[in-house]
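A structural walkthrough
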Amino acid sequence: MNAIRLQHLNGFRELYLQLKKIGRVCAYSLLVPAFLAGCQTQVDETPWLPPPLADQDAVPSDGRDVIEKLINFMHTEDELAAEAFVTFEAVQESGQKLQFNLLQRIAFRRPDKLYWKTLRDDATVDTAWFSDGSFTMLKEPDNVWGQVDGPSRVSEMVLFLAEEYEVDVPFQDILAGNARDLWLSDEVTSVIYVGEAWVEGAWTDHVAIRKPGVDIQFWVRKGPDPFLNQIVIVFTEEPGQPQYSARFRKWAATIPDPGVFDVKLPEGAEKIEVVPVSE
């Protein structure tokens, strides 16, 4: 039986208006042929304009209030599901930055169930299930899987996997329950409310946080369900200041498919031994 370590391997609208002013709508039609078939095509600008803010969507007095609201929401929901498009940068020895894309889907149910799938731009896929203290990960297209036992709660298991096996758990800060210590600790040097922004089909509050080595931006949905619509992290003390960003295209406060937590292995998948990083 082979032994492996379960570690991660490494707006158009504004342009249209500008072009329209200088009489170059044809150039715009080359950029977006699906919307404009020619210079005579009429464009309905209405879909590009977000709806006005509701009266109750007042501007927060402090960026900390927005982050507190986000943390409280994430820590009190019994279950959540989300899909995010993630881009991260890796700085090469030459100093050049390369970008890599991921599509990540995640679902959790407190206190003991977690599922995620990571689809990378090199066509490799990780699928993971955690339930009642048992963690299983499938790696494709290698079609191999491993399993380890650990703590019974999601928050504790996330830290266990990261520390013992260097597993890249999506959105670990939120799942581990220590977001407040990371985002609003005494290390934080500034919390700035940037303003309101239209992101992924919703009005959000844009907040920027600075702490030694890290700049973080949050776009938190306004209203009764303050989902995190987008997050950007810049590692300011790393060479080239690499950046991580996640744009949440879907949030759900209930799990669409309860069976998502059931382990489903493809035919012919080979079980392999999983060893801790320390060994």
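Please refer to the structure higher up on the page.
Just so it is clear, the model here is predicted, and its values are computed rather than measured. (Residues numbered from 1 in each chain as written. Predicted model: local features only at pLDDT ≥ 70, side-chain atom pairs only at ≥ 80, totals over all residues. Heavy atoms only, no water.)

Focus on the environment of Thr-236
The condition is simple: Secondary structure follows DSSP: runs of H or I at least 4 residues long count as helices, runs of E at least 2 residues long count as strands, and numbering of each begins at the N terminus. In this description, contact between two residues means that some pair of their heavy atoms is separated by no more than 4.5 Å.
Topologically, Thr-236 is positioned in the loop between β11 (228-235) and β12 (243-252). As a C-alpha pair, Thr-236 and Arg-210 span 26 residues in sequence and 9.8 Å in three-dimensional space. In contact with Thr-236, not counting residues within four places along its chain, are Gly-213, Val-214, Asp-215 and Gln-241.

Overview of the packing of aromatic side chains
Counted only if it meets this: The rule is short: rings of Phe, Tyr and Trp, with Trp giving its six-membered ring, pair when the centres are within 6.5 Å, and they are stacked under 30 degrees, edge-to-face over 60, tilted in between. Per-residue accessibility, obtained with a 1.4 Å probe over protein chains only, is compared with the maximum for each type, and a residue is labelled buried under 20%, exposed over 50%, and partly exposed between these values.
All told, the structure shown has 10 aromatic pairs when counted by the stated rule. Relative to Phe-135, the ring of Trp-116 has its centre 5.7 Å away and its plane inclined at 35°; by these criteria the two rings are tilted. Of this pair, Trp-116 sits in strand β4 (residues 113-120) while Phe-135 sits in strand β6 (residues 134-140); the two residues are 19 residues apart in sequence, bridging distant segments of the chain. With respect to burial, Trp-116 and Phe-135 carry one shared label: buried. Aromatic ring contacts, followed pair by pair, group Phe-73, Phe-171, Phe-227, Phe-248 and Trp-251 into a single cluster.

Observations concerning helix α4 (residues 154-165)
Rules: Multiplying one less than the number of residues by 1.5 Å gives the expected span of a helix. Note that the arc is computed from the directions linking the helix axis to the C-beta atoms.
Taking 1.5 Å of rise per residue, 12 residues should cover 16 Å, and α4 covers 16 Å from first to last C-alpha, within 8% of that figure. Buried within α4 are the following residues: Val-154, Met-157, Val-158, Leu-161, Ala-162 and Tyr-165. An end-on view of α4 places all buried positions within 130° of arc, on one side of the element. Positive phi shows up at Glu-166, right after α4, with a value of about 55°.

Some details on the pairing of strand β5 (residues 125-131)
For the record, the criterion: Note on pairing: DSSP must find at least two bridges between two strands before they are called paired.
Most of β5 is tucked away, with seven of its seven residues classed as buried. Every second residue of β5 is oriented toward a common face, with Val-125, Thr-127, Trp-129 and Ser-131 on one face and Asp-126, Ala-128 and Phe-130 on the other, all of them buried. In terms of strand pairing, β4 meets β5 through seven bridges, oriented antiparallel. Pairing of Tyr-115 across the sheet is with Trp-129, part of β5. Taking the residues between adjacent antiparallel strands as the criterion, β4 and β5 are bridged by four residues, where Ala-123 takes a positive phi near 75°. In textbook terms, the turn of a hairpin is the stretch between consecutive antiparallel strands, and for β5 and β6 this stretch comprises two residues, one of which, Asp-132, has a positive phi near 50°.

Considerations on the side chain of Lys-117
Which entries qualify depends on this criterion: Counted as positive: Lys and Arg. Counted as negative: Asp and Glu, with His and the chain ends omitted from the count. The working definition used for a salt bridge is a side-chain nitrogen of Lys or Arg within 4 Å of a carboxyl oxygen of Asp or Glu. Think of a polar contact as two N or O atoms within 3.5 Å of one another; within protein, one of them needs to be a possible hydrogen donor and the other a possible acceptor, and neighboring residues in sequence only count if both atoms come from side chains.
Looking at the element boundaries, Lys-117 is found in strand β4. With no salt bridge to any partner, buried Lys-117 finds its closest opposite charge in Glu-140, at an N-O distance of 4.7 Å. A polar contact is formed between the side chain of Lys-117 and the side chain of Thr-127, at a distance of 2.7 Å. Excluding residues that lie within four positions of it along the chain, Lys-117 makes contacts with Leu-103, Gln-104, Arg-105, Val-125, Asp-126 and Thr-127.

As for the pattern of salt bridges
The tally for this structure, following the rule as stated, stands at 13 salt bridges. The network of salt bridges with common partners includes Glu-83, Arg-105 and Arg-249.

Focus: unusual backbone geometry
Note that the residue after Arg-110, namely Pro-111, is joined by a cis bond; omega there is 5°. With respect to the helices and strands, the residue Pro-111 is situated in the loop between β3 (97-109) and β4. For the peptide bond that leads from Glu-140 to Pro-141, omega is 10°, which places it in the cis range. Turning to its location among the elements, Pro-141 is positioned in the loop between β6 and β7 (144-149). Of note in this structure, Ala-123 is not a glycine but carries a positive phi near 75°. Positionally, Ala-123 belongs in the loop between β4 and β5. Notably, Phe-171 is not glycine yet its phi reads approximately 55°, a positive angle. Its place among the elements puts Phe-171 in the loop between α4 and α5 (172-175).

Digging into the nonpolar core
Using the following cut-off: In this description, a nonpolar core means a group of buried Ala, Val, Leu, Ile, Met, Phe, Trp, Tyr and Cys residues linked to one another through side-chain atoms lying within 4.5 Å.
With 51 residues, the main nonpolar core has Phe-135, Trp-183 and Phe-218 as its most contacted residues. Top element by residues in this core is helix α3 (residues 63-76). It accounts for six residues. Membership of the second largest hydrophobic core comes to nine residues, among which are Ala-107, Tyr-115, Trp-145 and Val-260.

Re the pairing of strand β2 (residues 79-91)
As defined by bridge partners, β2 adjoins β3 across 13 bridges and the pair is classed as antiparallel. Within β3, the residue paired with Leu-80 across the bridge is Phe-108. The turn linking β2 back onto β3 is made up of five residues, and Gly-95 within it adopts a positive phi angle of 95°. Alignment of β2 against β12, held across eight bridges, turns out to be antiparallel. Looking at β12, one finds that Val-86 is bridged to Ala-246.

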